[in-house]
Amino acid sequence: MLVLKDILVDLLENGRYKEDRTKVGRYSVYGKQASFNLLDSFPAITLRKLPFKTAVKELLWFISGSSDNSVLVEQGINYWTPFAEHTTNSVGPMYGSQLRTNYTVHHVDGRQVITKRDLLLEAIYNLKHRPNASDNVYTLWNPSTKPDYNLDYATNVKAGKGALALCHGTVVQLHVVDLNKTELQLVNRSKEVIDKALDRLDLKGAIKARLAVEADIATIIKLLKAKQIDPNFYFHTKGLILQHYQRSQDVLALGFNIAQYALLTRLLARATGLVPLQYIHQWGDLHYYSNQLDSLKTLVTREPLDIKPKLLINTDNKDIDKYHHNDFSLVNYQHHPDLEFKLNS
């Protein structure tokens, strides 16, 4: 996670001052990118504590399609409360709503037609049935529900707008690749499965014995294909890369959003039989507010811990709509002491 330290140092040293809607004042850099190998570990920030369970609960709230803040409050999460309309406790058509009940307007024979779309299920369908397509892209950015910042949060929500403009989920692209030789070896380690594949090939003793000892998955796959046997019956052969563009990032939630979308990558891969390979996070405006400066200065004095946290999914479930926050745990995770960054609303 050294890349995050480098980005934060650059933000502190080179951030440009900008006025903002909160009137606090912020300093920004633009166009940063970080890439994380999901085969190796889970990208949990170590410069400060990652509130992992909170990140999971909020992600599952998004996935559920909910805009009801009371769902989070009942789980002890209160940071959306200042933005919610107090009679309905709704934050308006934000992340969950845009993801699961996205409305598209088009015209057919001169008539206006409104189509309700579930972007998450569409993405899963495309991964299963069109894995090689380069157009498996979705966006939660909806100009029609962007709030009017001349109005307060509640008034915007009552008018059918979001309480806030969506910071993340601006563009998400899902990319499927064939695993290379090294990746094939890492993810296909079951001796029992390898032996079954070799039995299916009906090889001579010496050749079979050599392949069994070497466990050369790439060669075994080539032999299966030569005999018109689908290697996917035995091995994981394709991996998922998710790239996410976030238009606006408060340093307060830097590691938080990375963890959420890395987890989303894992869940999408799990739902589609793919191997979660890589998560790429692209930032637009990455910033800190002037009242967060002291915390940021402390943060950049720390060095990332040389550890490899692992995400455990403690259920056989693969249905993306049926997870519970207790299904997930983070192991081998250590961190520097937590730091408070002020939330500016």
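Below or above, wherever it landed, is the structure these notes cover. (Residues numbered from 1 in each chain as written. Predicted model: local features only at pLDDT ≥ 70, side-chain atom pairs only at ≥ 80, totals over all residues. Heavy atoms only, no water.)

A word on the packing of helix α8 (residues 191-201) against helix α10 (residues 217-226)
Closest axis-to-axis distance for the α8/α10 pair is 10 Å, and the angle between their directions is 35°. Crossing of α8 against α10: the hand is left-handed. Contact residues: α8 offers Ile-194, Ala-197, Leu-198 and Leu-201, while α10 offers Ile-217, Ile-220, Leu-223 and Leu-224. (Axes fitted to C-alpha atoms, helices over the stretch in contact; angles between N-to-C directions. Helix = DSSP H or I, 4+ residues; strand = E, 2+ residues; numbered from the N terminus. Left-handed = near helix turned anticlockwise from the far one by under 90°. Contact = heavy atoms within 4.5 Å.)

Brief notes about α10
Along α10, the positions that sit buried rather than exposed are Ile-217, Ala-218, Ile-220, Ile-221 and Leu-224. All buried residues of α10 lie within an arc of 160° about the axis, which places them on one face of the element. Among the exposed residues of α10, those pointing more than 90 degrees away from its buried face are Lys-222 and Ala-226. On its buried face, α10 sits against α7 (181-187) and α8. Positioned one or two residues after α10, Gln-228 has a phi angle of 60°, which is positive. (Buried < 20%, exposed > 50% of the residue type's maximum accessible area, 1.4 Å probe, protein only. Arc of directions from axis to C-beta.)

Examining the packing of aromatic side chains
Per the stated rule, a full pass over the model turns up 13 aromatic pairs. Each ring, one from Tyr-27 and one from Tyr-288, has its centre 5.2 Å from the other, and the planes form 15°; the classification is stacked. Of this pair, Tyr-27 sits in strand β2 (residues 26-30) while Tyr-288 sits in strand β9 (residues 275-289), placing them 261 residues apart in sequence. Judged by relative accessible area, Tyr-27 falls into the partly exposed class, the value being 28%. Seen in terms of ring centroids, Trp-80 and Phe-83 are 6.0 Å apart; in terms of plane orientation they differ by 70°. Their pairing is edge-to-face. (Phe/Tyr/Trp six-rings, centres within 6.5 Å; stacked < 30°, edge-to-face > 60°.)

With respect to the layout of surface pockets
When its volume is computed, the largest pocket comes out at roughly 1,000 Å³. Forming the boundary of the largest pocket are 46 residues, of which Tyr-79, Asp-250, Leu-252, Ala-253 and Leu-343 lie nearest the centre. Of all the secondary structure elements, the ones that give two or more residues to the lining of the largest pocket are α2 (52-64), β8 (238-250), α11 (254-272) and β9. Of the residues in the lining of the largest pocket, the class split is 23 nonpolar, 12 polar and 11 charged. By volume, the second largest pocket is sized at about 720 Å³. What lines the second largest pocket is a set of 25 residues, among which Leu-39, Val-187, Arg-266, Val-275 and Pro-276 lie closest to the centre. At the level of elements, α7, α11, β9 and β10 (310-313) are the ones that each hand at least two residues to the lining of the second largest pocket. Of all the elements, β9 adds the most residues to the lining of the second largest pocket, at four residues. Looking at side-chain class alone, the lining of the second largest pocket contains 13 nonpolar, five polar and seven charged residues. (1 Å grid on protein atoms, 1.4 Å probe; cavity = no way out; pocket = protein on both sides within 12 Å on 5 of 7 lines; lining within 4 Å. Points joined across faces, edges and corners; volume = space filled by probe spheres on them. Nonpolar A, V, L, I, M, F, W, Y, C, P; charged D, E, K, R; others polar.)

Looking at empty space enclosed by the protein
What the rule picks out here adds up to two cavities of 30 Å³ or more. Taken as a whole, the largest cavity spans an internal volume of roughly 80 Å³. Taken together, the elements giving at least two residues each to the lining of the largest cavity come down to α2, α4 (95-100) and α11. Looking at which element gives the most residues to the lining of the largest cavity, the answer is α2, with three residues. Per-class residue counts for the lining of the largest cavity are nine nonpolar, one polar and no charged. Quantified by volume, the second largest cavity comes out at close to 60 Å³.

Section: a nonpolar patch on the surface
Together, Tyr-103, Val-105 and Ile-114 make up a nonpolar patch on the protein surface, roughly 320 Å² of accessible area in all. In this structure, Val-105 sits in strand β4 (residues 102-108). The exposure class assigned to Val-105 is partly exposed, which follows from its relative accessible area of 47%. (Patch = residues over 30% accessible without salt bridge, like charges linked within 9 Å, V, L, I, M, F, W, Y side chains within 5 Å. Areas by Shrake-Rupley, 256 points an atom, 1.4 Å probe, with all protein chains shown as cover. Salt bridge = Lys/Arg side-chain N within 4 Å of Asp/Glu carboxyl O.)

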